[in-house]
Amino acid sequence: MEQICQEECQVDQIKLEARRDQLSCSEDWQWWDWVAPDSSSMNSALRDLEQAFPEMQYWLSKIPEAESNYLSVRYFNGTDAVIFGSFLYAVKNEREDQRRDNQMFFYVDKFNLVTLNLDDNTRGIMKSGERMQMLQQCTQAREGMFVLFRAILHYYHVGMDHFEMNLRDLERRMESRNARTLMDQILVARFELLYWSNLFIPYTELMAASREAYLQEITENRFYQQLQYRVERMECLFQHYEKEIDTLISIDNAISGVRGNEIMKTLTIVTSVFTPATAAGAIWGMNFENLPLIDKTWGVVLVITLIICSMISMYIWMMMKGWTGDLLKVKSAQSSAREKRDRGKEEPR
């Protein structure tokens with residue numbers, strides 16, 4: 001069993017096992033599901049595919065150098081469209097599962113869907129009763145491609161469920177106590193969302209490429225529409241969570257600004273209140289012989305009394321100006337709001 005890393009954002013590569021399956025999902029098209037996990041088996045698979053499908057030579061030549069997402073639409077006979085490329089995605093079945101990266105290569109023409117290095121988990125999903133019935137209803141290989149990519153989108157929904165769970169926990173902690181480390185956690189959430197949104201970009205490109213390849217004849221296709229609507233659902237999720245994270249960052253910045261203002265105001269009040277004491281200490285601390293009241297036994301008491309009265313007068317004057325009351329009011333309002341919320345939770349409904 002692979003060791004699971006405790007860091008949430010670390011990704012493991014999926015270990016594939018060599019296989020070559022050919023599925024006749026209907027009388028009209030076939031699914032070639034091949035796996036080549038190492039360089040030797042990959043070279044052998046590419047040679048065999050080139051012999052079986054000479055028209056795939058251009059696609060097969062791109063596979064060894066494709067390390068990222070790649071998508072192309074070609075018309076080898078001038079009429080029928082062919083879509084091929086590589087596709088990066090993450091496998092994640094449960095919310096607590098660690099996501100794992102995989103790169104799949106695919107080719108689809110009118111009668112054949114070829115996938116190279118599809119992961120075992122997705123293969124198991126495609127061979128379930130629900131997906132097999134959908135594949136048998138497909139009349140062309142491109143419809144099978146839509147069913148396959150719609151199944152892969154399941155991992156994105158699971159990833160967004162896990163992301164939402166962490167985001168809600170972050171919001172609760174931010175509401176109860178906005179610690180300094182929360183900004184770091186917000187940035188971690190933003191990078192997590194950025195990871196999934198970057199993986200989702202090929203779906204947007206795939207939908208555009210499908211319309212480019214098949215024009216109006218595909219827009220009314222049931223399997224294309226099912227994939228399109230699921231893609232739109234994911235786009236709505238990404239847009240919502242991006243706005244939500246931006247809101248959290250704005251709230252954290254606003255709270256930090258308010259706290260900074262309160263700190264500066266407190267320091268200003270303390271400095272102002274102790275200004276008379278500082279001035280008196282500076283004056284009566286001078287090395288002069290003829291200072292007022294310095295030779296009187298009650299002079300120290302009088303000076304201290306004058307200092308305390310001056311400090312009290314300074315505080316009363318600032319309080320009458322409204323420069324000190326806001327600090328106490330903010331803390332009082334926060335305490336009362338927290339008490340009301342706690343009482344509301346305790347009351348039975």
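Residues numbered from 1 in each chain as written. Predicted model: local features only at pLDDT ≥ 70, side-chain atom pairs only at ≥ 80, totals over all residues. Heavy atoms only, no water.

### Things to note about the overall build of the protein
Here is step 1 of the chain: Along the protein, the regular secondary structure elements total 11 helices and 7 strands.
Here is step 2 of the chain: Within the protein, the proportion of its 349 residues that are buried is 39%.
Here is step 3 of the chain: Contacts in the protein between residues far apart in sequence, at least 24 positions, make up 67% of those at least 6 positions apart.
Here is step 4 of the chain: Only carbon and sulfur atoms are counted for the fraction: they give 54% of the accessible area of the protein, which is about 20,700 Å². (Helix = DSSP H or I, 4+ residues; strand = E, 2+ residues; numbered from the N terminus. Buried < 20%, exposed > 50% of the residue type's maximum accessible area, 1.4 Å probe, protein only. Contact = heavy atoms within 4.5 Å. Areas by Shrake-Rupley, 256 points an atom, 1.4 Å probe, with all protein chains shown as cover.)

### Structural notes on the packing of helix α8 (residues 222-273) against helix α10 (residues 299-320)
Here is step 1 of the chain: Across the interface, α8 lies against α10 with an axial gap of 8 Å and an inter-helix angle of 140°. With respect to α10, the element α8 is oriented oblique. Mapping the contact onto sequence places Ile 269, Ser 272 and Val 273 in α8 and Met 311, Met 314, Tyr 315 and Met 318 in α10. (Axes fitted to C-alpha atoms, helices over the stretch in contact; angles between N-to-C directions. Parallel < 35°, antiparallel > 145°, perpendicular 65-115°, else oblique.)

### A short note on the nonpolar core
Here is step 1 of the chain: Within the largest apolar cluster, 63 residues are counted, with the highest numbers of intra-cluster contacts made by Phe 149, Ile 152, Tyr 156 and Tyr 203.
Here is step 2 of the chain: Secondary structure elements with two or more residues in this core: β4 (70-74), β5 (82-91), β6 (100-108), α3 (120-126), α4 (129-137), α5 (141-176), α6 (182-214) and α8.
Here is step 3 of the chain: Considering each element in turn, this core owes the most residues, 16 residues, to α5.
Here is step 4 of the chain: Beyond its immediate chain neighbours, meaning those up to four positions away, Ile 152 contacts Phe 87, Tyr 89, Met 104, Thr 122 and Tyr 203.
Here is step 5 of the chain: In terms of nonpolar packing, the next biggest core, distinct from the first, is built from 19 residues, Val 82, Phe 84, Tyr 107 and Val 114 among them. (Core = buried A, V, L, I, M, F, W, Y, C linked by side-chain atoms within 4.5 Å.)

### Some thoughts on unusual backbone geometry
Here is step 1 of the chain: Unlike most non-glycine residues, Asn 117 shows phi in positive territory, near 70°.
Here is step 2 of the chain: Looking at where Asn 117 falls in the secondary structure, it is placed in the loop between β7 (112-116) and α3.
Here is step 3 of the chain: On the basis of relative accessibility, which here comes to 7%, the residue Asn 117 falls in the buried class.
Here is step 4 of the chain: Phi is positive for Leu 215, close to 55°, though the residue is something other than glycine.
Here is step 5 of the chain: Of note, Leu 215 is situated in the loop between α6 and α7 (216-219).
Here is step 6 of the chain: Assessed through its relative accessible area of 56%, Leu 215 is described here as exposed.

### Quick notes on the UniProt feature "transmembrane region" (unreviewed entry) in the protein
Here is step 1 of the chain: Here the UniProt feature "transmembrane region" (unreviewed entry) sits at residues 266-286 and 298-318.
Here is step 2 of the chain: Taken end to end, residues 298-318 has its terminal C-alpha atoms 31 Å apart, with 95% of it in helix and 0% in strand. (UniProt positions renumbered as here; feature names shortened; annotations may be inferred.)

### A short note on the pattern of salt bridges
Here is step 1 of the chain: Tallying each qualifying case throughout the model produces 14 salt bridges.
Here is step 2 of the chain: One salt bridge connects Asp 21 with Arg 19, and the closest N-O pair in it is separated by 2.6 Å.
Here is step 3 of the chain: Take Asp 21: its relative accessible area is 18%, and that puts it in the buried class.
Here is step 4 of the chain: Given a relative accessible area of 29%, Arg 19 falls into the partly exposed group.
Here is step 5 of the chain: Among the charged side chains, a network of salt bridges with common partners joins Glu 164, Arg 168, Glu 171 and Glu 244. (Salt bridge = Lys/Arg side-chain N within 4 Å of Asp/Glu carboxyl O.)

### Looking at α8
Here is step 1 of the chain: With 52 residues, α8 extends 76 Å between its outermost C-alpha atoms, agreeing within 8% with the 76 Å of an ideal straight helix rising 1.5 Å per residue.
Here is step 2 of the chain: Between a side-chain oxygen at the N-terminus of α8 and the backbone nitrogen of Phe 223 the separation is 3.0 Å; the capping residue is Asn 221. (Expected span 1.5 Å × (residues − 1). Polar contact = N/O pair within 3.5 Å; in protein donor to acceptor, adjacent residues only side chain to side chain.)

### Looking at the packing of aromatic side chains
Here is step 1 of the chain: Going through the model one piece at a time under the given rule, you end up with 21 aromatic pairs.
Here is step 2 of the chain: Between Tyr 70 and Phe 84 the ring centres are 6.4 Å apart and the planes differ by 45°, which places this aromatic pair in the tilted class. Of this pair, Tyr 70 sits in strand β4 while Phe 84 sits in strand β5; the two residues are 14 residues apart in sequence, bridging distant segments of the chain.
Here is step 3 of the chain: Overall, Tyr 70 belongs to the partly exposed group, its relative accessible area being 25%.
Here is step 4 of the chain: Here a set of aromatic residues connected by ring pairs shows up, and it is made of Phe 87, Tyr 89, Phe 106, Phe 149, Tyr 155, Tyr 156, Tyr 195, Trp 196, Phe 200, Tyr 203 and Phe 238.
Here is step 5 of the chain: When the ring centre of Tyr 214 is taken as reference, the NZ or CZ atom of Arg 142 above it lies at 4.4 Å.
Here is step 6 of the chain: The ring of Phe 223 has Arg 222 sitting right over it, with the charged end atom 4.2 Å from the ring centre. (Phe/Tyr/Trp six-rings, centres within 6.5 Å; stacked < 30°, edge-to-face > 60°. Lys NZ or Arg CZ within 6 Å of the ring centre and 35° of its normal.)

### So, the pairing of β5
Here is step 1 of the chain: The element β5 is extensively covered by neighbouring structure, given that 9 of its 10 residues are classed as buried.
Here is step 2 of the chain: Judged from the 5 bridges that link them, β4 and β5 form a sheet pairing that is antiparallel. The residue bridging Arg 74 from the neighbouring strand is Val 82, located in β5.
Here is step 3 of the chain: Pairing between β5 and β6: 9 bridges, direction antiparallel. The residue of β6 that forms the bridge with Ile 83 is Val 108. (Pairing = 2+ DSSP bridges.)

### Details of the side chain of Gln 140
Here is step 1 of the chain: Examined against the element boundaries, Gln 140 turns out to sit in the loop between α4 and α5.
Here is step 2 of the chain: Non-local contacts of Gln 140, meaning those with residues more than four positions away in its chain, are made with Trp 29 and Lys 110.

### Looking at the packing of α6 against α8
Here is step 1 of the chain: It is at 10 Å that the axes of α6 and α8 come closest, and there the two elements cross at 155°. Comparing their axes, α8 and α6 come out roughly antiparallel. In this structure, α6 crosses over α8, and the sense of that crossing is left-handed. (Left-handed = near helix turned anticlockwise from the far one by under 90°.)

### Description of the side chain of Arg 123
Here is step 1 of the chain: Residue position: Arg 123 is located in helix α3.
Here is step 2 of the chain: Separated by 2.4 Å, the side chains of Arg 123 and Asp 33 make a polar contact.

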